[in-house]
Amino acid sequence: MFGLYEVVKCLTVKDSDSSEQSIVNYAWREAGEVNFLALVASTGDIILRYCCSGHDPVISHIPWPESRSIVCLCFDPTVSWLLVISEDVTVSIVPVLSLMDSTARVNRLWNLEDVTVLRFKKQQGIPSVVTWWHTLDDRQIAIIGMKNGNILLVDLSTRKIVYQFTIETRIHRLELVEDDQQMSTYLMITGQPLVQWKLLLECRTQELATPIDKEISDMGYDGLSGRSLPHVNNTSYRYETWLYKKTEETRGLFQPQRLDQFPRSVILQPQCAKGHHFITSHCSKESTFQVYDSNIDRSPLFAYKLPIGSDIVILTDKVLLAMTRLASGKKLYVIANQRAETSMDQTQDFNKESVLQQFDIPQNEHLLTIQKKSFPFYWHEKCEENMRQKYNQDIKLGLTSSGSWQPGLTMSHDIQLTNHTVLDGCIIITDSAVYEMKPRISPERLFLELTFYSESAHVENLGIGLGLDVNTLYEKSAEYLLQRGHVAQAIKFCKVVKSTSYKLVMYLAKYGFVADAISHLTLALSNKEISTADRKHVSNLYLHCMVYQLQDGDEETNQKTLINFLVTDFYYEEKQALELLAEHNLREALLELAMARGLVLEALEILVHKGQIVLEPCHISKLIEKGFAHHLIQASKGVLLDGLTPNSLVKLFCEKPILAFHNYTKLVPYIGDIETPVLEKLCEIFDPSQSYLGSHLGRQLLHSRTRRGSISSMTSVSSEGDTYTE
C-alpha cells in the first residue's frame with residue numbers, strides 16, 4: 001500500500017448537545033477552485049460548507065421552516081445558488097454564495113438578500129430528486145423527478161412549468177449528459193427498480209445557409225446578366241430543444257429511450273475525467289467497469305475489473321475510487337487505472353496489485369455517498385512550501401535541530417521537482433459526518449522516498465500504475481545519492497533505467513566517479529542495440545571522462561586508450577573533441593585525431609587560438625613525416641613558425657625547400673648556433689645553380705624590377721616573400 005492520501009473528518013452533526021441529529025440528504029458541487037456542500041439534518045435545517053482554495057472552509061447553519069420539509073436539493077453549475085424542493089413541490093432558490101462570501105460577484109438572477117420561493121397551484125406528486133439544467137440558449141431549468149414517475153421542467157426565470165411527462169416508475173436519479181463539443185445535452189433517468197432511460201434535451205445541428213437576393217445583388221451579380229451565381233455555403237447551427245416546438249424530422253429524437261441494451265445489473269452514469277465527458281457502465285454482478293464516450297451506442301473506450309462488492313465507483317484521470325459494502329465492512333479502494341485495465345473478457349480476475357491504498361469506513365455510520373473532489377494544480381507545491389516554512393521556523397525557535405527531519409518533511413524533499421501530479425480525491429458523506437480524502441503527498445515525491453527504502457518492484461508498481469516519468473525520477477534519485485557519495489545505490493538505479501543510462505553516467509562523472517562512469521560507458525558502447533542518438537551522446541561522454549581521467553592516473557596507458565578511441569570511434573563530435581583536447585593540452589591525442597580525420601589545419605588553428613604556438617619537436621617530426629608540413633606554414637599565416645626551434649625549422653625547410661626561400665629570415669638569428677653539417681644542408685637548399693632555385697629567383701627578379709627598377713641582393717628578394725604562405 002502507498003500513503004498517497006489521508007482521510008480527515010471535516011464536519012460532524014453529532015455532538016453532546018444533539019446526539020440524535022443525523023444527515024438525511026445532501027447536495028455537492030464544485031466549480032473551479034470553489035466547492036459547496038449542503039447537508040439536510042434530521043431536524044430539517046440546512047448546514048452549508050463553503051470552501052475556496054487558499055482559504056479556510058466556512059460553515060453556516062440555515063434554519064428551515066417545518067412547513068416546507070426538504071425532500072431534495074442541488075446547486076446550479078456556478079455554485080452560486082442552492083435549489084431546494086419541498087414535499088409540496090415548493091421551489092426555493094437560496095443565494096448561498098453571497099450568503100457565505102459577501103465579496104463574491106453573483107449575477108443577480110434572483111434575490112440576493114433572501115430566498116426566492118416559487119409555488120404551483122396544482123399538486124404534481126411528491127418530489128424525489130432534482131437537477132439544475134443550464135441550457136445552451138442560457139435558460140435556467142429545474143428538472144424535478146417525482147415518486148409517481150412524473151418529471152417536471154420548471155423555468156426558474158419565468159417561474160412556470162414549461163413541460164412535463166411521465167415514466168412508469170419512481171424517479172431515483174436524474175443526471176445530465178453532455179458532450180465535449182457542447183453540441184447536445186441528454187437527461188439520464190434512473191428509475192427504481194433499476195431501469196434507465198435516455199432523453200435528448202437539446203442539440204445543435206449544422207445547416208447550410210444560402211444568401212438571399214439582396215446579398216447576391218450586393219456581391220455584384222445580376223440575374224439578367226446571364227452570369228452564373230456562385231455556390232455559397234455558410235455553415236451555421238440550428239438549435240433545437242425539447243422545450244420548443246420541434247420539426248417533424250426531429251420530433252422522434254426528443255423522446256425518452258429505454259436503455260434495454262444493458263442488463264439490469266448495469267448502472268450507467270455520466271462522469272468527467274481527462275478533460276472529457278464520459279458515460280460509465282458499472283456491472284455489479286460481474287464487477288466490471290466500462291467507459292464510453294457520450295455516445296453509448298459505440299464500443300467502450302476502456303474496461304476495468306473491480307473488487308467484488310463494489311458499489312459506488314468514481315472515475316478520475318489516474319485512479320478509480322471504489323466503495324465496497326460487504327459483510328466484513330465498508331472499504332474505500334484507490335485503484336490504479338493502468339493496473340486495473342482489462343480486456344472485455346468477463347472471466348478475468350481483479351488485479352490486486354492495482355490497489356494503491358484502502359480506507360475503512362466506520363461501521364457504526366451509514367454511508368450515503370462519495371463524491372469526487374478535485375484539488376488545484378499547485379496543491380503539493382503549496383503544501384511543501386508550508387512544511388518548509390514551519391521547519392525553518394522551528395529551527396529558529398530551537399524546537400528542532402537542523403540535522404533532524406520534521407514529520408512530513410523527508411529526505412526526498414531536498415530533491416527539487418518541477419512537476420507534481422495532483423490526484424483527485426473525494427468527499428465521503430455518512431449519516432453522522434463528512435470526511436475528505438485528500439492527497440497527502442504527490443506520487444512523484446512518494447516515488448522518490450520509496451526509492452531510498454523500498455524494493456524496486458514495489459516502487460515501480462507505483463510508477464507504472466500512475467504513469468509517472470519513472471526514468472526521470474530514478475535519475476533524480478541517482479544524482480541525489482551521488483552528491484552524498486552513495487555510488488552503489490546510484491549505479492543500481494543506472495541499471496534500472498537502461499534507456500537513459502548515459503544521463504546517470506553523466507552524473508557519475510559530474511560528481512567525480514569517473515572510473516565508474518567509464519566502466520558503464522564502455523558497457524553501453526558495446527551494446528549493439530543502442531540507438532544512434534544515444535551512441536553519439538555516450539561517445540561524447542566517454543571522451544570527456546577519458547580526458548578527465550588523464551589528469552590523474554597512469555597517463556601513458558590512459559593516453560594510448562584515448563588515442564585508440566579517437567581513431568576507431570566515429571560517433572563523437574570531432575570539432576568538440578579538438579577543442580577539448582587542446583584545452584587540456586593533450587597535443588599528441590589532438591594531432592593523432594587531426595591526422596586520422598584530415599583536420600590538421602583545424603587542429604593547428606585551435607592551438608594558435610588558445611595561445612599554444614610552441615610545438616614539441618616530436619610532434620613537428622610526425623607532422624612532416626605524415627606529409628602535413630605545409631599546414632604548419634598555412635595555419636594562422638605562419639605564426640607557428642615563430643615557435644619552432646632552429647633544428648625544427650631546418651628539418652622543415654629540408655623537407656619543403658620551397659618554403660625555405662620565403663621564410664629563411666626566421667633562421668638568421670640562429671646562424672651562429674647552427675652546426676656545420678646543418679649549414680651544409682642549407683647551402684645545398686640555397687644553391688643558386690639548382691634549377692628550381694634559379695627559376696624561382698628569375699620570377700622574383702622580374703617582379704622586383706617591374707616594381708622597383710633594381711635588385712641588389714638575394715636578401716631583398718627573400719624579404720619580399722617573408723609573408724608568403726603556401
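All figures in this text were calculated on a predicted structure; none of them were measured in a lab.

Calculation notes
- Residues numbered from 1 in each chain as written.
- Predicted model: local features only at pLDDT ≥ 70, side-chain atom pairs only at ≥ 80, totals over all residues.
- Heavy atoms only, no water.
- Helix = DSSP H or I, 4+ residues; strand = E, 2+ residues; numbered from the N terminus.
- Buried < 20%, exposed > 50% of the residue type's maximum accessible area, 1.4 Å probe, protein only.
- Contact = heavy atoms within 4.5 Å.
- Pairing = 2+ DSSP bridges.
- 1 Å grid on protein atoms, 1.4 Å probe; cavity = no way out; pocket = protein on both sides within 12 Å on 5 of 7 lines; lining within 4 Å.
- Points joined across faces, edges and corners; volume = space filled by probe spheres on them.
- Nonpolar A, V, L, I, M, F, W, Y, C, P; charged D, E, K, R; others polar.
- Axes fitted to C-alpha atoms, helices over the stretch in contact; angles between N-to-C directions.
- Parallel < 35°, antiparallel > 145°, perpendicular 65-115°, else oblique.
- Left-handed = near helix turned anticlockwise from the far one by under 90°.
- Phe/Tyr/Trp six-rings, centres within 6.5 Å; stacked < 30°, edge-to-face > 60°.

Caption draft 1: The arrangement of the overall build of the chain in detail. Within the chain one finds 22 helices and 29 strands. Classification of the 726 residues of the chain by burial places 47% in the buried group. Pairs at least 24 apart in sequence give 55% of the contacts found in the chain among residues at least 6 apart.

Caption draft 2: Local environment of the pairing of strand 20 (residues 276–283). Within strand 20, six of the eight residues are buried, which leaves it mostly tucked inside the rest of the structure. The pairing of strand 19 (residues 266–273) with strand 20 spans eight bridges and is classified as antiparallel. Paired with Cys272 across the bridge in strand 20 is His277. Between strand 19 and strand 20, which pair antiparallel and follow one another directly, the connecting turn spans two residues, one of which, Lys274, has a positive phi of 55°. In the sheet, strand 20 pairs with strand 21 (residues 288–292) via five bridges, with the strands oriented antiparallel. Bridging from a neighbouring strand, His282 pairs with Phe289 of strand 21.

Caption draft 3: Local environment of the layout of surface pockets. Considered as a void within the structure, the second largest pocket measures approximately 790 Å³ in volume. Lining the second largest pocket are 38 residues, and of these Phe375, Trp379, Cys383, Lys438 and Pro439 sit closest to its centre. Secondary-structure elements contributing two or more residues to the lining of the second largest pocket are strand 1 (5–12), strand 4 (46–52), helix 4 (379–397), strand 29 (433–439) and helix 5 (443–453). Top contributing element to the lining of the second largest pocket by residue count: helix 4, with seven residues. Grouping the amino acids of the lining of the second largest pocket by side-chain chemistry returns 13 nonpolar, 12 polar and 13 charged.

Caption draft 4: Expanded view of helix 5. Taken across its 11 residues, helix 5 has 10 buried, putting it largely inside the fold. Residues of helix 5 that are buried in the fold lie against helix 4, helix 6 (456–465), helix 7 (470–483) and helix 8 (487–496).

Caption draft 5: Broad picture of the packing of helix 7 against helix 8. Orientation of helix 7 relative to helix 8, taken along the N-to-C sense of each, is 160°, at an axis distance of 8 Å. Compared by their axis directions, helix 7 and helix 8 come out roughly antiparallel. Remark: the crossing between helix 7 and helix 8 carries left-handed chirality. Residues Tyr474, Ser477, Ala478, Leu481 and Leu482 of helix 7 form the contact with helix 8, whose own contacting residues are Val487, Gln489, Ala490, Phe493 and Val496. Considering only residue class, the contact of helix 7 with helix 8 consists of eight nonpolar, two polar and no charged.

Caption draft 6: Molecular detail of the sheet that holds strand 24 (residues 319–326). Pairing within the open sheet is antiparallel, and its four strands lie in the order 23-24-25-26. Either end of the sheet is taken by a strand with one partner, and the two such strands are strand 23 (310–315) and strand 26 (355–360). Across the sheet, the mean angle separating the axes of adjacent strands is 20° when strand polarity is ignored. Here strand 24 runs beside strand 25 (residues 329–336); their pairing, made up of eight bridges, is antiparallel. Directly across from Thr324, in strand 25, lies its bridge partner Lys331.

Caption draft 7: Spotlight on the environment of Leu332. Considering the arrangement of structural elements, one finds Leu332 in strand 25. The class of Leu332 is buried, set by a relative accessible area of 0%. Counting along the chain gives 29 residues from Leu332 to Ile361, while the straight-line C-alpha distance between them is 7.3 Å. The contacts of Leu332, once residues within four sequence positions are left out, are Leu321, Ala322, Met323, Gln357, Gln358, Phe359, Ile370, Cys426, Ile428 and Met437.

Caption draft 8: Quick look at the pairing of strand 6 (residues 70–75). Of all six residues in strand 6, five are buried, a share of seventy percent or more. One ladder, built from five bridges, connects strand 6 with strand 7 (residues 82–86); its direction is antiparallel. Counted as the bridge partner of Ile70 is Ser86 from strand 7.

Caption draft 9: Structural detail: the packing of aromatic side chains. Within the structure shown, the criterion is met by 15 aromatic pairs. With a centroid separation of 5.0 Å and 45° between ring planes, the pair formed by Phe36 and Tyr50 is classed as tilted. Of this pair, Phe36 sits in strand 3 (residues 34–41) while Tyr50 sits in strand 4; the two residues are 14 residues apart in sequence, bridging distant segments of the chain. Given a relative accessible area of 7%, Tyr50 falls into the buried group. Seen from their ring centres, Phe36 and Phe75 are 5.3 Å apart, and the 25° between their planes marks the pair as stacked.

Caption draft 10: Broad picture of the sheet that holds strand 3. Across the sheet, four strands lie side by side as 2-3-4-5; this open sheet has antiparallel pairing. Strands with a single pairing partner mark the edges of an open sheet, and in this sheet they are strand 2 (23–31) and strand 5 (58–62). Along the sheet, successive strands turn relative to each other by an average axial angle of 15°, direction set aside. Relative to strand 3, strand 2 runs antiparallel, the two being bridged by eight bridges. Within the sheet, the bridge partner assigned to Arg29 lies in strand 3 and is Phe36.

All quantities given are derived from atomic positions and should not be read as evidence of function.
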